[in-house]
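Residue strings, one per chain:
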Amino acid sequence: MNEQYLEIFSAHLRQTIQLDDNAVNRVLEAVEIVKLKRKELLLTPGQPSKHMRFIAEGSARCYYLDENSQEHTLQIGIENWWVNDLYSFLTQKDSQMYIQAIEPAVILQISQSNLEQLYIDVPEISTFFRIKIQSAYVALQERMIENLSTEVYTRYQKFIKEYRDIEQRVPQYIVASYLGVTPEFLSYLKKKHL
């Protein structure tokens, strides 16, 4: 059963970089498979994020709680997406985030120490993660600008257009949290625009 997840991961890597079978096998040796139940936590505040995490099956999110215990979802991910507290991973400071399975999920993770060794043993992996981190930064900046300059319902319409497969699998309260509003307000906006 785990073999299928490793094949999914291999195919994902090969979409971005060229790797021969020996290089793929070396990368797969560094992978740890973690199976999560629905709502199970993989990372909690107060611990550093020590892994890069790939979703092989299911869905997950990265969120934090503000001082009023209000959830703010920063990332939602499904199969073939990465989910992580990248700030904590890169700085090795304690995370302020939770990583939680939305559905039962299979996460493939590579520890920071294994990743550092892979950068030496399989240099293409360095290129892969440079591309992924650059893309994550661009997406984050685009989202920040959009949140500052675009009305909520317009952001919701864009979300369901671009991420229809996510919107249908994720509870509305998580979508609302991702958009920066309460579930009640999102429900109100949807009814208002029918």
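Here's a quick rundown of the structure. (Residues numbered from 1 in each chain as written. Predicted model: local features only at pLDDT ≥ 70, side-chain atom pairs only at ≥ 80, totals over all residues. Heavy atoms only, no water.)

Let us look at the nonpolar core. Ranked by internal contacts, the top residues of the largest apolar core, which has 26 residues, are Phe9, Leu19, Leu108 and Ile125. At the level of secondary structure, the elements contributing two or more residues to this core comprise helix 1 (2-14), helix 2 (21-29), strand 3 (51-57), strand 7 (105-111), helix 4 (112-121) and helix 5 (123-149). Ignoring any residue separated from it by four or fewer positions in sequence, one finds Ile125 in contact with Leu13, Ile17, Leu19, Val27, Leu115, Leu118 and Tyr119. Residues Ile102, Tyr153, Val170 and Val175 belong to the second largest nonpolar core, which totals 18 residues. (Core = buried A, V, L, I, M, F, W, Y, C linked by side-chain atoms within 4.5 Å. Buried < 20%, exposed > 50% of the residue type's maximum accessible area, 1.4 Å probe, protein only. Helix = DSSP H or I, 4+ residues; strand = E, 2+ residues; numbered from the N terminus. Contact = heavy atoms within 4.5 Å.)

What follows covers the sheet that holds strand 6 (residues 98-101). Reading across from one edge, 2-6-4-5 is the order of the four strands in this open sheet, with antiparallel pairing throughout. Every other strand in the sheet has two partners, leaving strand 2 (41-43) and strand 5 (71-77) as the edge strands with one partner each. Recorded for the sheet is a direction-independent mean angle of 30° between the axes of neighbouring strands. As judged from the six bridges shared by strand 4 (residues 60-65) and strand 5, these two strands associate in the antiparallel manner. Pairing of Cys62 across the sheet is with Gln75, part of strand 5. The sheet contacts of helix 8 (residues 172-179) involve strand 4 and strand 5, and relative to strand 5 the element is tilted by about 105°. (Pairing = 2+ DSSP bridges. Axes fitted to C-alpha atoms, helices over the stretch in contact; angles between N-to-C directions.)

Moving on, we come to the pattern of salt bridges. Applying the stated criterion across every chain yields a total of nine salt bridges. Among the salt bridges present, the one from Glu29 reaches Arg26, with a minimum N-O distance of 4.0 Å. Of this pair, Glu29 and Arg26 both sit in helix 2, three residues apart, which is roughly one turn of the helix. A relative accessible area of 61% places Glu29 in the exposed class. A residue is classified by how much of its surface remains accessible, and Arg26, at 23% relative accessible area, is partly exposed. (Salt bridge = Lys/Arg side-chain N within 4 Å of Asp/Glu carboxyl O.)

Taking 1.5 Å per residue as the helical rise, helix 1 with its 13 residues ought to reach 18 Å, and the 19 Å between its terminal C-alpha atoms agrees with that figure. Inspection of helix 1 places Tyr5, Leu6, Phe9, Ser10, His12 and Leu13 among the buried residues, and these make up the whole buried set. End-on view of helix 1: buried residues confined to an arc of 160°, all on one side of the axis. Contact partners of the buried residues in helix 1: helix 2, strand 1 (31-36), strand 3, strand 7 and helix 5. (Expected span 1.5 Å × (residues − 1). Arc of directions from axis to C-beta.)

A word on the sheet that holds strand 1. Read from one edge of the open sheet, three strands run 1-7-3, paired in antiparallel fashion. A single partner strand is all that each edge strand has here, and the edge strands are strand 1 and strand 3. Ignoring strand direction, the axes of neighbouring strands in this sheet form an average angle of 30°. Its contacts with the sheet place helix 1 against strand 1, strand 3 and strand 7, and it is angled at close to 110° to strand 3. Packing of helix 4 onto the sheet brings it into contact with strand 3 and strand 7, and relative to strand 7 it is tilted by some 60°.

Quick look at unusual backbone geometry now. Of note in this structure, Asn80 is not a glycine but carries a positive phi near 75°. You can see Asn80 is positioned in the loop between strand 5 and helix 3 (86-91).

Let us now look at the packing of aromatic side chains. Summed over the entire model, instances satisfying the criterion amount to twelve aromatic pairs. Both rings, one in Phe128 and one in Phe129, keep their centres 5.1 Å apart while their planes meet at 85°; by these two values the pair is edge-to-face. Of the two residues, Phe128 and Phe129, neither departs from the other in class, the shared state being buried. Seen in terms of ring centroids, Tyr153 and Tyr156 are 6.1 Å apart; in terms of plane orientation they differ by 40°. Their pairing is tilted. Highlighted residues: Tyr153 and Tyr156, both in helix 6 (residues 152-162), separated by three residues, approximately one helical turn. (Phe/Tyr/Trp six-rings, centres within 6.5 Å; stacked < 30°, edge-to-face > 60°.)

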